[in-house]
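# Structural characterization, general
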Amino acid sequence: MNRNWGRALAATVLLSLLAACGGDAGSGEASVEGAEKLPVAVISPLSGSGAGFGWALAGAARIAIDEVNAAGGIELDGQLYELEAKVIDDKYTPEGTLAAYNELIKQEGIKILMGPMGSASGLAIKDQIEADQLIAMGNTYTPEMITEDTNYYFRVNATSNEVAPALWAGFTEKYPDAKQLAVIGPDDATGKGGAALTTKAATAEGVETVSTQFYERGISDFSASVTALLASNPDVIDTVTSPSQDAGLIMKTARQRGFTGRFMKTGGTSPADILAVAGPEATEGLFFGQAGDLSTPAVQAYIEEFQKLTDVPFDSLSIDLHDGFVMGLEALKKAGTLDADKWVEEMKGMEPFQGPLKGELTWGGAKTYGAERQMLGKLWVYEIQNGEPTVVGTAQEEAP
Amino acid sequence: MDVNVVIQTVISALTSSAIYILVALGFTLVFGVMRIVNFAHGAAYTAGAYGMFILGTKAGLPYVVSVIVTVVVVALAAALIEVALVERTASDGLKTMILTLGVGLMITGAIEVAFGASPVSVPPVVTGSLDIGPSVVPKDRVVVVICALVVLALLWAFLKYGKWGQALRAVSQDADMASAHGIRVKWVRAIGFGGAAGIAALAATLIAPVLFSTPYIGDDALAKSFMVVIIGGVGSVPGVVLAGLLVGFVESVTTVYWDSSIAGIVTFSVVIMVLLAAPNGLLGRSSARV
Amino acid sequence: MTSHVVDVPEEPSIATPRESRHGAPVSSGGPARRFPVLPVIVAVLVGLVLLAIPETARAGYYQYSFITASALAIAGLGFYLVYQVGGVTFAQAGFMAIGAYTSGLLSRELGWNVFLTALVAIAVTVVLGAVIGVLITRARSEFHFILVTFAFSEVVRLSLTRWVYGADGIPGVPSPELLGYSFRDPTRYYWLAAVVLLLSAALVWRLMHSGLGRMLLSVREGELHLAPSFGIRPETYKVLAFAVASGLAGLAGAVQAHFTNFASPDQFGLQFSVLILTAAVIGGVGYIAGPIVGALVLISLERYLSAYPGTSIVAYGVVLVVVMLLLPEGLVGLFGRIAGLGRFLPNRPNKKVERP
């Protein structure tokens, strides 16, 4: 009986603690004297398979916020504010995003959103962002995130839509003999979207798509998929929006099978991840784009700041996002008030904006998507040469 | 029918089958000896892969050394867990299964917290390819298949002729009888549990240099073990081999000629069909055993 | 087949009442005829707590947790039912997916009222559960049962991914609405979920305390000699339990989908089946209140740990191990025993599982 009482007591105490506590998310570093705190919701995957992309966003958000605070904060409606990042890990799933959204936006009433990351996550809250009239900037790959009725959401990253045509133009100029394309990507919205976009862009450059394979998310052995891919005798393989580690393994497997053609990646790429998995020989000649020039001092400094926040490898996606968030916060400052409609006006009027890392930024997408909410800037075209990502040119991201 | 494609498909299939067979063997071993579904089996597999990462990639030890150390450590740890925790609930099958589930989650979770969710690689054992007919076949996969065959042969010999192997089989057939013959059933359980974990870890060490590893590979390994054991029949080693080959080939062929998401559906459907048509699996023993 | 029915040990095992002996049938009529004092007291207390929550400072947080936990608990009640007839089911996740998609798609695509689509979802899952149940009772042992139900859930998940909307699922599942009164608001949904949960628990309670329930218990204990007197084979009861459990899972799926306005196949994989099992075990798998208490504890734990990525998996593992070693009857069993109210608990725990 005593033993039971003891256990019950322990259980009750534990349960009460659990019930009383709630998960609290991390917050930013800088502090501004005499300022009130203004929370900014940051919803992004911090663990699991999306962590690389997720930290690109979360890191960019935190750094952009710190920069604003270091410069003295933001004054809205006569009150000085210090921004505070409220970060929640949505685990790269729509339900995680919904839960985070519910907590930060619905319950805590935060009006500014940086995120989400991921097409499915984005689509899950798209309507709510509009209904709740948020000040929202995020990264979602799917074209469906921006539609005619999108008003309050600005996409601050380039998707395959903006990148693929530029990459293909550069590629066919350099390698005119590659005529047959094989595409492989994950079996989800981002993968299918990426595949469709690269086929479209390639066709425009006279390259025929001879095979398209989709693999179930989460598998780690691509040999069978690669076999199917190679059966069509392609000259170039594009791994579109596959996570970089998957892409690396696919490339390594293909080379082991004697594939001597070229590799391309028209989706987000982290060259460090790919090299780590596949090694320099297999990845030689990989043709891809990055949001910034990794060798410039400004970007180097940014990477250093980023690496103070996390061990997760740096993904250049963060460069797009950082500049986009900087622009968004600048627009908020100009609006001088927390009114989302005023902010939208300012945001639209920000172009051309000099992004600290990327240079000139403009808006586009009116014809492509139905609403001018797509950030456009410069794209750095890279190729892996002797195990090193090397800039081979630049292009302009486009979305009429 | 492109010969090259066929050869590549066969090699993919054999590689996968080899791993599935080894992992499923461990799984069925525990079931035979302890009559429980060992939910920690996947975690043993993951531990094997990460053991290789720690020793091979981080510490830079030679491959064979890493394999031996990893397998021994995992097996011993598992045996220890069995004695310390599992034995306490051994009288209640359901409790034990849930306990193993908990242990598995703890290990997998700990690996994720320690190493993160991003994939890790293990240095390759062999590089390069060899030509088999019109095909260029990666050497590392061939090595996996050969090693798996060797291990399988050794295991078979152990079970048939080894002292503890025979004890394992005796306990599987009838624990009371075995006890009456002087076999220390508790020891056998510990060895069975530890051995199974060791085999799973070994399978992981073989394939880790070929693919990359995440904390979640154990889930897949566990799911495959389930399937192979149902199809092959619980407690039957030839059944596991046959079913492992079946699953590996079905996956490979459907992916190459159709697409990969269909592969999963087909395999699970086969599982269900086998269970309905042949509840003891293809080569399972009679109901008295199960 | 040598069956190891072990004697009742000193320490209560997962499902053994202290006072019963092997062979003694569960007392017929006892709890059912007495006025359920404790359940009423508990219900009142619970009702007070439920009323208080929307008034607290972090109402939204608690409401959200509660709703998520309700869905888990309803599925868990189904798990409990199947457990009563001797099976550990991993099929609840699969049926939840079917329920979520059925109700979600019908209301989204055809514009039907959510309450109607939820009923359709329940009907579909009950029928499907009966069909699957008939096939599954051929399973020769618990092991087989687990594996087949797991295979079922995976087939459902993969099929939905492949043929219905893909891996990203269905966004835009409508919120329930009745005669103009919308349940989109979390506080309203919270009450809806609470009512649905209590009704489900009441259903299961009534089931277990009816003649049907006694029949189910005797099936579990292997006392088949009682069967002929009812004129029905024991297998039929197993199928019945399975069908009801499936319906509960379908309902749970609808509850979740219409709250989050979303459904995707990945939500209902192996991890989720493990979650249901864990919830039932923590609460006490032999008690009706078990899955409910377990679900609440588990969801609280998960939300608390969401701030520390990756730790929730370890936490579940630790909880399972600790509960198995130290609290085999789960929290409900433990608290019930302490209060000396073992006899009054919603349902008596059953004999231990016969090891195959």
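Keep in mind that this is a model prediction, so the values were computed, not measured. Throughout this document, residue positions are counted from 1 along each chain, in the order its sequence is written. Both sets of labels track the order of writing: A upward for chains, 1 upward for ligands. Only residues with pLDDT of 70 or above have their local features reported here, since the model is predicted, and side-chain atom pairs are shown and tallied only from 80 upward, although totals for entire chains, interfaces and linings are computed over all residues. Only heavy atoms go into the side-chain values, all of them from the structure, while hydrogens and water stay out.

### Some thoughts on the overall build of chain B
Secondary structure summary: chain B contains 11 helices and 2 strands in total. What you see in chain B, going N to C, is helices and strands ordered as α-α-α-α-β-β-α-α-α-α-α-α-α. Out of the 290 residues in chain B, the part that is buried amounts to 59%. In chain B, of all internal contacts separated by at least 6 residues, the share reaching a separation of at least 24 is 76%. Only DSSP runs of H or I with at least four residues qualify as helices, and only runs of E with at least two residues qualify as strands; both kinds are numbered from the N terminus onward. Buried residues are those whose accessible area, probed at 1.4 Å on protein chains only, stays under 20% of the maximum for their type, while exposed residues exceed 50% and partly exposed ones sit between those limits. Should any heavy atoms of two residues lie within 4.5 Å, those residues are considered in contact.

### Topic: the side chain of A:Gln374
All names here are of chain A. By the element assignment, Gln374 lies in strand 14 (residues 374-376). Residue classification places Gln374 among the buried residues on the basis of a relative accessible area of 0%. Engagement of the side chain of Gln374 in a polar contact is seen with the side chain of Arg155, the distance being 2.8 Å. Two N or O atoms form a polar contact when they lie within 3.5 Å of each other; inside protein one atom must be a possible hydrogen donor and the other a possible acceptor, and for residues adjacent in sequence the pair counts only when both atoms belong to side chains. One polar contact links the side chain of Gln374 to the main-chain carbonyl oxygen of Asn157, over a distance of 2.7 Å. Gln374 has contacts with Ile146, Arg155, Asn157, Ala158, Thr159, Glu162, Thr362, Trp363, Gly364, Gly365, Tyr369 and Ala399, leaving out every residue within four places of it along the chain.

### Here's the deal with empty space enclosed by the protein
As defined here, a cavity is a set of points on a 1 Å grid over the protein atoms alone where a 1.4 Å probe fits but cannot get out. A pocket is an open set with protein on both sides within 12 Å along at least five of seven lines, and residues line them when an atom is within 4 Å of a point. Grid points are joined across faces, edges and corners, and a volume is the space filled by probe spheres set on the points. As enumerated under the stated definition, the model contains 11 cavities of 30 Å³ or more in all. In this model, the largest cavity occupies a volume close to 270 Å³. Taken together, 17 residues form the lining of the largest cavity, with B:Leu101, B:Leu105, B:Thr108, B:Asp219 and B:Leu222 sitting closest to its centre. Listing elements by their share of the lining of the largest cavity, those giving two or more residues are helix 2 (41-58), helix 4 (93-115) and helix 9 (217-232) of chain B together with helix 11 (270-283) of chain C. When residues of the lining of the largest cavity are assigned to their parent elements, the largest contribution, 4 residues, is made by helix 4 of chain B. Residues are grouped as follows: nonpolar covers Ala, Val, Leu, Ile, Met, Phe, Trp, Tyr, Cys and Pro; charged covers Asp, Glu, Lys and Arg; every other residue, Gly included, is treated as polar. By residue class, the composition of the lining of the largest cavity is 10 nonpolar, 6 polar and 1 charged.

### A look at the interface of chain A and chain B
Taken residue by residue, the interface counts 25 residues in chain A and 26 residues in chain B. Each of two parts loses accessible area, computed with a 1.4 Å probe, when they are put together; buried area is these two losses added. Across the chain A/chain B interface, buried area totals approximately 2100 Å², and carbon plus sulfur atoms make up 53% of it. Any Lys or Arg side-chain nitrogen located within 4 Å of an Asp or Glu carboxyl oxygen qualifies as a salt bridge. Viewed at the interface, chain B and chain A are joined by 1 salt bridge. B:Arg141 serves as the salt-bridge partner of A:Asp221, at 3.4 Å between the closest nitrogen and oxygen. Counting across the chain A and chain B interface gives 5 residue pairs in polar contact (both at pLDDT 80 or more). The set of elements that each furnish at least two residues to the side of chain A that touches chain B consists of strand 8 (208-215), helix 7 (223-230), helix 8 (244-256) and helix 9 (271-283) of chain A. The element that contributes the greatest number of residues to the side of chain A that touches chain B is helix 8 of chain A, accounting for 6 residues. Residues belonging to the side of chain A that touches chain B are distributed by class as follows: 8 nonpolar, 11 polar and 6 charged.

### Observations regarding the domain arrangement of chain C
Residue and element names in this part refer to chain C. In this entry, domain limits derive from an automatic or database-based domain assignment. Taken as a whole, chain C is organised into domain 1 (78-268) and domain 2 (269-339). On the side of domain 2, 14 residues touch domain 1, which itself brings 23 residues to the contact. Interface area lost by domain 1 to domain 2 is led by Phe79, Tyr80 and Phe90, which between them contribute 41%. Where domain 1 packs against domain 2, one counts 1 residue pair in polar contact (both at pLDDT 80 or more). Mapped by element, the contributors of at least two residues to the side of domain 1 that touches domain 2 are helix 3 (59-84), helix 4 (92-109), helix 6 (142-163) and helix 7 (186-208). The leading source of residues in the side of domain 1 that touches domain 2 is helix 7, at 5 residues. For the side of domain 1 that touches domain 2, the per-class residue count stands at 15 nonpolar, 5 polar and 3 charged.

### Side note on the pattern of salt bridges
In total, this model carries 15 salt bridges over all chains according to the counting rule given. With a shortest N-O distance of 2.8 Å, C:Arg108 and C:Glu109 are connected by a salt bridge. C:Arg108 sits in the partly exposed class, given a relative accessible area of 31%. Ionic pairing is found between C:Glu154 and C:Arg157, a salt bridge with its closest N-O pair at 3.0 Å. Residue C:Glu154 and its partner C:Arg157 are both found in helix 6; the two are separated by 3 residues, about one turn of the helix. Of the two residues, C:Glu154 and C:Arg157, both sit in the buried class. Each of A:Asp320, A:Lys358 and A:Glu397 takes part in salt bridges that share partners, so that together they form one network.

### Notes on the sheet that holds strand 11 (residues 287-290) of chain A
All names here are of chain A. Here a strand pair is declared whenever DSSP counts at least two bridges between the two strands. With mixed pairing, 7 strands are arranged side by side in an open sheet as 8-7-9-10-11-15-16. Looking at the sheet topology across the chains shown, the edges are occupied by strand 8 and strand 16 (388-396). Neighbour-to-neighbour, the strand axes of this sheet turn through a mean angle of 25°, independent of strand direction. Throughout, an axis means a line fitted to C-alpha atoms (over the contacting stretch in the case of helices), and angles, computed between N-to-C directions, take values from 0 to 180 degrees.

### Observations concerning the nonpolar core
Residues enter a nonpolar core if they are buried and are Ala, Val, Leu, Ile, Met, Phe, Trp, Tyr or Cys, with the set joined through side-chain atoms within 4.5 Å. A:Phe325 and B:Tyr45 are the most contacted members of the largest nonpolar core, which totals 263 residues. In terms of residues, this core owes the most to one element, helix 3 of chain C, which gives 15 residues. In this view, A:Phe325 contacts A:Leu57, A:Ala60, A:Ala61, A:Ala64, A:Met114, A:Met137 and A:Val156; residues no more than four positions away in its chain are not counted. Counting 22 residues, the second largest nonpolar core, distinct from the first, contains A:Ala166, A:Leu167, A:Phe171 and A:Val240.

### Here's the deal with helix 10 (residues 237-257) of chain B
Multiplying 1.5 Å by the residue count of a helix minus one yields the expected span of that helix. A rise of 1.5 Å per residue sets the reference length of helix 10 of chain B, with its 21 residues, at 30 Å; its end C-alpha atoms lie 30 Å apart and thus fit the reference within 8%. Taken together, the buried positions of helix 10 of chain B are B:Gly239, B:Val240, B:Ala243, B:Gly244, B:Val247, B:Gly248, B:Glu251, B:Ser252, B:Thr254, B:Thr255 and B:Val256. Looking at the packing, one finds that the buried side of helix 10 of chain B touches strand 8 and helix 7 of chain A together with helix 1 (3-34), helix 9 and helix 11 (260-277) of chain B.

### Quick word on the interface of chain C and chain B
The interface is formed by 47 residues belonging to chain C together with 52 residues belonging to chain B. For the chain C and chain B pair, buried surface summed over both sides reaches about 4500 Å², with 79% attributable to carbon and sulfur atoms. On the surface where chain C and chain B come into contact, there are 0 salt bridges. Where chain C packs against chain B, one counts 0 residue pairs in polar contact (both at pLDDT 80 or more). Of all the secondary structure elements, the ones that give two or more residues to the side of chain C that touches chain B are helix 6, helix 11 and helix 13 (311-326) of chain C. Element by element, the count of residues in the side of chain C that touches chain B is highest for helix 6 of chain C, at 15 residues. Among the residues making up the side of chain C that touches chain B, the classes are represented as 31 nonpolar, 10 polar and 6 charged.

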